[in-house]
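For reference, the chains in residue letters:
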Amino acid sequence: MLKFSRNKLVSIVKEDGDTLIVHGVLDDYIYSLEINVSIRISDRRILSIDGKWNRWTTPECPRAIPVLKEAVGFCIEEGIVPEIHKIIGRKGCRHFANLLIECCDTAREAAMLSRWEDAKKENKELSFEEFVETGTQKLPVLQETVKHADVEKKVKEKPAQIKVSDKKDRTENKSAFDGTSKGFVIDLHMHTSPASPCSTAPVDRLIEEAKIIGLDGICLTDHNYVWDERAVEDLRQKHGFLVLRGNEITTGQGDMLVFGMYNDIKGIVKLEDLRQEVVQAKGFIIVAHPFRGFLVFGVGRLGLTPEKAMERPLFKFVDAVEVLNGKVTEKENDFALTVANGLGLFTTGGSDAHEVSEVGRYATRFSDKIKDEKDLVNALKSGNYTPVSFR
Amino acid sequence: MSNLLYYSRNRCTSVEQISDTTLKSSCRLQDTLTEAFVEITVRLPDLEITDIKSELTRSLHKKGMDTDKHLQKVIGVRVGPGMLKIIKGLIGEDMDCRELTFMVEECCHGVILAFTKDTLIDVPKDKGQIEEFYKNMVRKNIRMYNRCAAFAPGSPLVEGFEPLLK
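This text gives an overview of the structure that appears in the document.

The rules behind these values
Residues numbered from 1 in each chain as written. Chains lettered and ligands numbered in written order. Predicted model: local features only at pLDDT ≥ 70, side-chain atom pairs only at ≥ 80, totals over all residues. Heavy atoms only, no water. Helix = DSSP H or I, 4+ residues; strand = E, 2+ residues; numbered from the N terminus. Buried < 20%, exposed > 50% of the residue type's maximum accessible area, 1.4 Å probe, protein only. Contact = heavy atoms within 4.5 Å. Arc of directions from axis to C-beta. Salt bridge = Lys/Arg side-chain N within 4 Å of Asp/Glu carboxyl O. Polar contact = N/O pair within 3.5 Å; in protein donor to acceptor, adjacent residues only side chain to side chain. Pairing = 2+ DSSP bridges. Core = buried A, V, L, I, M, F, W, Y, C linked by side-chain atoms within 4.5 Å. Phe/Tyr/Trp six-rings, centres within 6.5 Å; stacked < 30°, edge-to-face > 60°. Lys NZ or Arg CZ within 6 Å of the ring centre and 35° of its normal. Axes fitted to C-alpha atoms, helices over the stretch in contact; angles between N-to-C directions.

For the rest of this paragraph, the subject is the overall build of chain B. The helix and strand inventory of chain B stands at four helices and five strands. Its helices and strands in sequence order give chain B the pattern β-β-β-β-α-α-α-α-β, from N to C terminus. Residues classed as buried in chain B amount to 55% of the 166 residues present. A fraction of 37% describes how many contacts in chain B between residues 6 or more apart in sequence connect residues 24 or more apart.

Structural data, given as structure tokens:
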């Protein structure tokens with residue numbers, strides 16, 4: 001029996017020589033929605049768009065409809081996908097974004113067909129396959145590089161953290177230290193802009209914020225990005241504050257925080273290979289947010305037990321587990337802690353800040369002062385630290 | 001103009017529960033230029049992709065490409081947050097693979113939506129309680145805050161959730 005099904009239908013009519021009228025329908029077990037888009041073939045721009053819900057979930061889903069208008073002026077080149085996710089998906093609804101991406105993709109192919117028809121007027125023998133294979137289907141480069149005035153505008157994302165009345169202090173039972181304990185507190189996980197495209201936080205502002213809230217140091221762990229040693233030293237001098245380098249590397253088994261290994265790794269690597277490199281460099285590897293779940297349901301819904309989770313092969317290749325991460329739910333952090341304890345692995349905390357206001361939400365308290373990156377790796381290997389809720 | 005269709009696309013993604021520990025999610029695409037099929041097998045509760053099959057019946061791009069072999073790279077990846085980056089990184093984003101990569105993503109989304117549907121079965125019928133249900137959902141999962149129009153500041157569903165702004 002089917003557990004879920006989603007159907008998408010995109011139909012395109014060529015209204016005149018230069019305009020495509022695109023009608024898209026998405027219908028699945030949860031949602032039903034439609035959009036109508038008109039696109040000019042010559043410059044591949046969205047001229048108009050409207051949409052409607054047929055079935056939706058929350059009483060506030062209709063708020064997504066007006067956001068669709070922000071797509072007017074978008075150029076439907078392939079590079080538009082992240083912008084659609086960011087603007088239509090994040091400000092409106094991800095399912096409208098999904099359908100719009102489908103419509104844009106379909107319209108690109110229809111526009112290619114249209115150009116082939118035009119090319120055939122010059123060369124009647126030109127087959128579609130030849131047209132595609134010879135590259136003549138390639139689009140002329142647009143003079144104007146800006147996709148849309150609004151596209152370039154930064155989407156001001158509010159922090160994902162929220163203050164709710166029943167929020168409890170997670171340090172209560174997790175940490176051997178309380179807020180007044182001595183020690184040396186470092187936020188081991190954060191992202192800066194522009195090194196991490198997903199971050200909005202300039203490094204200087206992150207450091208200033210870390211100083212204000214009383215952290216003793218921070219680690220820059222941008223995605224697959226190695227900070228230049230001298231640049232980081234300059235930051236230390238400039239701010240009179242401990243700034244260290246790390247790296248969040250994406251593997252086939254998820255994100256890993258790596259310290260003491262500064263190879264510039266691009267793309268997705270096998271965790272086993274990464275482990276080898278880290279061992280060779282005498283570095284340290286922490287699995288980041290290992291049980292980051294889904295928006296609407298958690299790992300509990302899947303029936304994942306700590307015992308089952310401990311069997312995951314990835315834990316054989318890491319030195320520690322991040323059990324306090326600022327971007328996951330309390331349940332997910334709790335689950336990670338249970339698994340780490342069950343496996344006898346060290347545990348750390350880090351904010352995973354992508355915005356200035358998120359720095360230090362969680363951190364790691366070391367028993368001794370850390371002076372530099374070598375100290376940090378040695379301290380991590382010693383196990384004399386504990387994850388803490390800091391702000 | 002005749003109002004005849006110039007281009008048409010159908011895409012169907014289906015998720016089937018094969019056993020207590022196995023799901024199959026498939027995506028079938030049929031449009032004016034392309035016909036393709038991708039199916040992933042996912043093991044519960046880890047949501048790990050254990051098998052993948054594909055078929056490219058009609059395509060604009062590289063004929064004879066062993067797509068099935070190419071897609072095997074995603075075996076072992078878990079369906080979950082961050083998967084898109086991993087899948088794109090493993091399969092690649094060349095023009096020849098882009099459609100199949102997207103179909104793998106659609107299969108994965110199908111799996112997530114299947115579980116999302118199971119959660120939404122619990123939404124109360126009483127209108128007064130619906131709002132509270134969704135408020136609780138956001139309260140329990142901070143990631144939902146400001147992730148879409150329904151949970152953006154100004155929506156009653158996140159009223160009182162004061163952002164931690166300094």
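Residue and element names in this part refer to chain B. Along helix 2 (residues 83-91), the residues classified as buried are Met83, Ile86, Ile87 and Ile91. Axial view of helix 2: buried residues confined to an arc of 110°, hence all on one face. Of the residues one or two after helix 2, glycine 92 is the one with positive phi, at around 100°.

Contacts between the two partners involve 82 residues from chain B, matched on the other side by 87 residues from chain A. Run the count over chain B and chain A and you get eight salt bridges. Counting across the chain B and chain A interface gives 28 residue pairs in polar contact (both at pLDDT 80 or more). Breaking the side of chain B that touches chain A down by element, the ones donating at least two residues are strand 1 (7-19), strand 2 (22-31), helix 2, helix 3 (95-120), helix 4 (127-140) and strand 5 (162-163) of chain B. Here the element with the most residues in the side of chain B that touches chain A is helix 3 of chain B; it accounts for 15 residues.

Another aspect to go through is helix 8 (residues 229-239) of chain A. Residues and elements named next belong to chain A. All of the buried residues along helix 8 are Val232, Leu235, Arg236 and His239. An end-on view of helix 8 places all buried positions within 100° of arc, on one side of the element. Of the exposed residues in helix 8, those oriented more than 90 degrees away from the buried face are Arg230, Asp234, Gln237 and Lys238. Where the residues of helix 8 are buried, they touch helix 7 (203-213), strand 7 (217-220), strand 8 (242-245) and helix 12 (373-382). Measuring from the backbone nitrogen of arginine 230 back to the side-chain oxygen at the start of helix 8 gives 3.2 Å, which picks out aspartate 228 as the cap.

Our next topic: the pairing of strand 11 (residues 284-287) of chain A. All names here are of chain A. Neither face of strand 11 is exposed, since Phe284 and Ile286 on one face and Ile285 and Val287 on the opposite face are all buried. Pairing analysis gives four bridges linking strand 10 (residues 254-259) to strand 11, with the strands arranged antiparallel. Note that in strand 11 the partner of phenylalanine 259 across the bridge is phenylalanine 284. Where strand 11 lies against strand 12 (residues 320-325), two bridges are found, and the strand directions are parallel. In the strand pairing of strand 12, isoleucine 286 is matched with alanine 320.

The next point concerns the nonpolar core. Proteins that are soluble and globular tend to have nonpolar side chains buried together. The biggest cluster of nonpolar side chains holds 100 residues, and the ones touching the most others in it are A:Ile46, A:Ile88 and A:Leu100. A:Ile265, A:Leu274, A:Leu304 and A:Leu345 belong to the second largest nonpolar core, which has 25 residues in total.

On to the packing of aromatic side chains. Applying the stated rule across the entire model yields 12 aromatic pairs over all chains. Site record: aromatic cluster; members linked through ring pairs are A:Tyr31, A:Trp53, A:Trp56 and A:Phe96. Here A:Lys3 stacks its cationic end above the ring of B:Phe115, 4.9 Å away from the centre of that ring. The cationic tip of A:Arg245 hangs over the ring face of A:Tyr262; the distance from NZ or CZ to the ring centre is 3.9 Å.

This paragraph deals with the environment of A:Arg365. All names here are of chain A. Relative to the helices and strands, arginine 365 resides in strand 14 (residues 362-366). Given the relative accessible area of 6%, arginine 365 is considered buried. Taking the C-alpha atoms as reference points, arginine 365 and leucine 215, 150 residues apart in sequence, are found 9.7 Å from one another.

A word on the sheet that holds strand 3 (residues 35-43) of chain B. One open sheet holds the eight strands; their spatial order is 4(A)-3(A)-2(A)-1(A)-1(B)-2(B)-3(B)-4(B), and the pairing between them is antiparallel. Since the sheet does not close on itself, it has two edges, and those belong to strand 4 (45-55) of chain A together with strand 4 (48-58) of chain B, each with one partner. On average, adjacent strands in this sheet sit at an angle of 10° to one another, irrespective of strand direction. Two elements, strand 2 (residues 19-28) of chain A and strand 3 (residues 32-40) of chain A, share nine bridges in a ladder whose sense is antiparallel. Within the sheet, the bridge partner assigned to A:Gly24 lies in strand 3 of chain A and is A:Ile35. Relative to the sheet, helix 3 (residues 94-122) of chain A contacts strand 1 (2-16), strand 2, strand 3 and strand 4 of chain A together with strand 1 and strand 2 of chain B, its axis offset from that of strand 1 of chain A by approximately 40°.

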